[in-house]
Number of protein chains: 2
Amino acid sequence: MNDLALGIDIGATNTKIGLVNPDGKIIQFDQIPTPQSPPDTTISIINDTALELLDTEKLDVSCIIGVGVGFPGAIRQPEGIVEVAPNLRGWGKVELRKLFCEALGREIFVDNDANLAALAEYKWGAGKGEDPLILFTLGTGIGGGIIIDGKIFHGAWGGAAELGHQTVDLNGRRCKCNNIGCIEAIAGSHGIVARTWELLQKDKGSILWEMMNGNFDFLDAEMVGQAAEEGDVSAIKVAQETARAIGIAVANMINILNPQCILLAGGMTEWGKELLLEPIIEEARKRAFKSHFKSCRIAYATGGIQSGVLGAAALAFQKM
Amino acid sequence: MNDLALGIDIGATNTKIGLVNPDGKIIQFDQIPTPQSPPDTTISIINDTALELLDTEKLDVSCIIGVGVGFPGAIRQPEGIVEVAPNLRGWGKVELRKLFCEALGREIFVDNDANLAALAEYKWGAGKGEDPLILFTLGTGIGGGIIIDGKIFHGAWGGAAELGHQTVDLNGRRCKCNNIGCIEAIAGSHGIVARTWELLQKDKGSILWEMMNGNFDFLDAEMVGQAAEEGDVSAIKVAQETARAIGIAVANMINILNPQCILLAGGMTEWGKELLLEPIIEEARKRAFKSHFKSCRIAYATGGIQSGVLGAAALAFQKM
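Residues numbered from 1 in each chain as written. Chains lettered and ligands numbered in written order. Predicted model: local features only at pLDDT ≥ 70, side-chain atom pairs only at ≥ 80, totals over all residues.

## Things to note about the overall build of chain A
Step number 1: Looking only at helices and strands, chain A features 11 helices and 12 strands.
Step number 2: Against the compact-globule benchmark of 20 Å for 320 residues, chain A has a radius of gyration of 20 Å, which places it among compact chains.
Step number 3: Across the 320 residues in chain A, those meeting the buried criterion constitute 55%.
Step number 4: Partitioning the contacts of chain A with sequence separation of at least 6, the portion at a separation of at least 24 is 62%. (Helix = DSSP H or I, 4+ residues; strand = E, 2+ residues; numbered from the N terminus. Rg over C-alpha atoms; globule rule 2.2 N^0.38 Å. Buried ≥ 20, exposed ≤ 12 C-beta atoms within 10 Å, placed from the backbone. Contact = placed C-beta atoms within 7 Å.)

Below, the structure written as structure tokens:
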């Protein structure tokens, strides 16, 4: 028996596979585009890729510590069934755990990708040993993970930590989840692009017009961040509102869960700390109870794009 | 050794003491006005009352299962020190657990009163065995308790479950906690009275004018509920906005914690179910994820004004 765990991170676009040691170091890594085939075929292709990766280290699947799989959707626990998969067509109600177990010929553990990113940060990352730990994933959507007593907190059946879908603006924008005023509707990348576009109608001098070559389809959250860094007035306003919405959600979590640590992860954290992290902390400071705010560290996560693979491996280590 | 526990519920106005059996029945009960003296004197008076109560059953403090104490403030755990006591002057930083242990001559356990009300509902009440369980206390302030894995969830140091202080209206009313747009600022009794008063300026025909005898000081949340039951337009509007704000907070908790059960307790639940509970459920249904909403039962708590004593006793049973 080796001391390595296999972490598989199924994303909407790419699937990443890593062989991880007990210190959280990835010693072998591979990545494939996530097959857009039916679930059983997709699992079979991922499985083959995983076995090839093990083969490069002259390992087979029976001689590693364990296998963890991350998935971009809500997973019913402990069964490991996909409850909702907003970004992968045809995966609703798929028995992910069972299918993977059959394909690999051994037990595996499966969880939501944001939950696993939180676990990776707790085990090896920016929030090592801090408990409770809350992680926000800031990207196209806004999600999250909650660690309590060193484990992923699942709630009744695995649906916990939909942190992006808390109402902070009761008369606000319509969210993709159909609610009104979710933080995702403001601070998810769709919300950012929509708000920027509205401001640009009255700001023909914005550098964003040049950056996107006059084509709305090129406008994205990263570009808004860049324009804000360069001093563009509309982009700065959008960035401020974005940080404010996230800061409100952070304050809510501080008052509701009294966490020791809140981490921010995902594509949005490529925005500089002055543009995003610092105003988020400032907003949370203004809104949360002093006694609660003081005892909560707020920082960027460190796992980056590997956090899914690391979290899946962390789950495998934890379950053994 | 008897099989009874002593529950002590220190309130801002009254302190209740009950001797509770393992089925959650109160077999002896006493109540005194909470002494407005320094904490050590207050504890001594409460202690004497408790010993007298035990004496009526020919018991002394060494021969019961345990003693639990509830307190209306944030308690630092596991030390049992009062961190914040908004409604009791001079109690900040008081070593409540230590002082009570010394006075009674035995170990006691202390927790926030809303946390204990949640525990009572979980052990004997409307949410028996449902996990996670969340309880909102709706009164002058809005607070709450969270039960996870059968125990009170404390967070980093005991400050968790400040459910009334989540922002749901980012440009909304100023809350007593100094934040803007907390649900307490809308749906706590101060918020209800303030909103009603605003509407009454343009509604000289409201029956509330007669009910309060033209004197604003008589206006309270209970009266608004009565007027709404009687069809008063302004009161109905206030009631609808109240239920909406609480419903949003309920939806937030459903998405964040995926609870099995959410209970509503406190003075506000004297409003009829049609006026409060049903519109809260409807608002939560509209806003929460379907999969999460479906698996969460939302109901009124059953502990009533005894829930503090029951919860304190439940804590004593649990710790033994």
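## With respect to the packing of helix α3 (residues 113–124) of chain A against helix α11 (residues 307–319) of chain A
Residues and elements named next belong to chain A.
Step number 1: Running from amino to carboxyl end, α3 crosses α11 at an angle of 75°, the nearest separation of the two axes being 7 Å. If you check the angle between α3 and α11, you find them roughly perpendicular. Each of Asp113, Leu116, Ala117, Leu119, Ala120, Lys123 and Trp124 in α3 lies in contact with α11, whose residues at this interface are Ser307, Gly308, Leu310, Gly311, Ala312, Ala314 and Leu315.
Step number 2: Of the residues assigned to the contact of α3 with α11, the class counts are nine nonpolar, three polar and two charged. (Axes fitted to C-alpha atoms, helices over the stretch in contact; angles between N-to-C directions. Parallel < 35°, antiparallel > 145°, perpendicular 65-115°, else oblique. Nonpolar A, V, L, I, M, F, W, Y, C, P; charged D, E, K, R; others polar.)

## Some points on the domain arrangement of chain A
Residue and element names in this part refer to chain A.
Step number 1: When its domains are assigned, chain A resolves into domain 1 (5–123 + 305–319) and domain 2 (128–301).
Step number 2: The C-alpha-based centres of domain 1 and domain 2 are spaced at 27 Å.
Step number 3: Those elements that place two or more of their residues in the side of domain 1 that touches domain 2 are β5 (74–76) and α3.
Step number 4: Of the residues in the side of domain 1 that touches domain 2, the class split is seven nonpolar, three polar and four charged. (Domains from an automatic or database assignment.)

## Remarks on the relation of the copies chain B and chain A
Mapping between the two copies of the chain is achieved by a rotation about an axis and a shift along the axis.
Step number 1: Each copy superposes on the other: chain B lies on chain A with an RMSD of 0.0 Å after a rotation of 180° and an axial shift of 0.0 Å. Classification of the inter-copy transformation places it as that of a two-fold axis.
Step number 2: Most of the interface of chain B is mirrored in chain A: 100% of its interface residues are interface residues there too. (Least-squares fit on C-alpha atoms with pLDDT ≥ 70 in both.)

## Re helix α3 (residues 113–124) of chain B
Residues and elements named next belong to chain B.
Step number 1: The end-to-end C-alpha distance of α3, which contains 12 residues, comes to 16 Å, matching closely the 16 Å that a straight helix rising 1.5 Å per residue would cover.
Step number 2: Counting buried positions along α3 gives 12 out of 12 residues, so the element sits mostly inside the fold.
Step number 3: Within the sequence span of α3, burial applies to Asp113, Ala114, Asn115, Leu116, Ala117, Ala118, Leu119, Ala120, Glu121, Tyr122, Lys123 and Trp124. (Expected span 1.5 Å × (residues − 1).)

## Some thoughts on the interface of chain B and chain A
Step number 1: Taken residue by residue, the interface counts 35 residues in chain B and 35 residues in chain A.
Step number 2: Only β6 (81–84), α8 (233–257) and α10 (290–294) of chain B provide two or more residues apiece to the side of chain B that touches chain A.
Step number 3: In the side of chain B that touches chain A, the residues fall into 18 nonpolar, 13 polar and four charged.

## A word on the packing of helix α1 (residues 39–56) of chain B against helix α2 (residues 96–104) of chain B
Residue and element names in this part refer to chain B.
Step number 1: The contact between α1 and α2 brings their axes to 10 Å, and the two run at 45°. It follows that α1 is oblique to α2 by the angle criterion. The interaxial crossing formed by α1 with α2 has right-handed handedness. In contact with Pro39, Asp40, Ile43, Ser44 and Asn47 of α1, α2 contributes Leu99, Phe100, Ala103 and Leu104.
Step number 2: Residue composition of the contact of α1 with α2, by class: six nonpolar, two polar and one charged. (Left-handed = near helix turned anticlockwise from the far one by under 90°.)

## Description of the sheet that holds strand β7 (residues 109–112) of chain B
Residue and element names in this part refer to chain B.
Step number 1: Spatially, β3-β2-β1-β4-β7 is the arrangement adopted by the five strands of the open sheet, whose pairing is mixed. The outermost strands of the open sheet, each flanked by one partner alone, are β3 (26–33) and β7. Neighbour-to-neighbour, the strand axes of the sheet open up by a mean angle of 15°, direction not taken into account.
Step number 2: In the sheet, strand β4 (residues 66–71) pairs with β7 via four bridges, with the strands oriented parallel. The residue bridging Phe71 from the neighbouring strand is Asn112, located in β7.
Step number 3: Lying on the sheet, α2 is in contact with β4 and β7; it crosses β4 at an angle near 140°.
Step number 4: Seen against the sheet, α3 touches β1 (5–10), β4 and β7 and runs at an angle of roughly 100° to β7. (Pairing = 2+ DSSP bridges.)

## Quick notes on the environment of Ile27(A)
Residue and element names in this part refer to chain A.
Step number 1: Within the secondary structure, Ile27 sits in strand β3 (residues 26–33).
Step number 2: Along the primary structure Ile27 and Glu198 are separated by 171 residues, whereas in three dimensions their C-alpha atoms are 47 Å apart.
Step number 3: Ignoring sequence-local partners within four residues, the contact set of Ile27 consists of Leu19 and Asn21.

## Here we look at the pairing of strand β8 (residues 133–138) of chain A
Successive residues of a regular strand alternate their side chains across the two faces of the sheet.
All names here are of chain A.
Step number 1: Burial analysis of β8 places six of its six residues in the buried class, the great majority of the element.
Step number 2: When β8 meets strand β9 (residues 142–148), the two strands line up antiparallel, connected through six bridges. When the sheet's bridge partners are listed, Leu135 is paired in β9 with Gly145.
Step number 3: Hairpin remark: β8 followed by β9, antiparallel, with three residues in the connecting loop.
Step number 4: As paired strands, β8 and strand β11 (residues 261–265) are joined by five bridges and run parallel to one another. From the neighbouring strand, Thr137 faces β11, where its bridge partner is Ala265.

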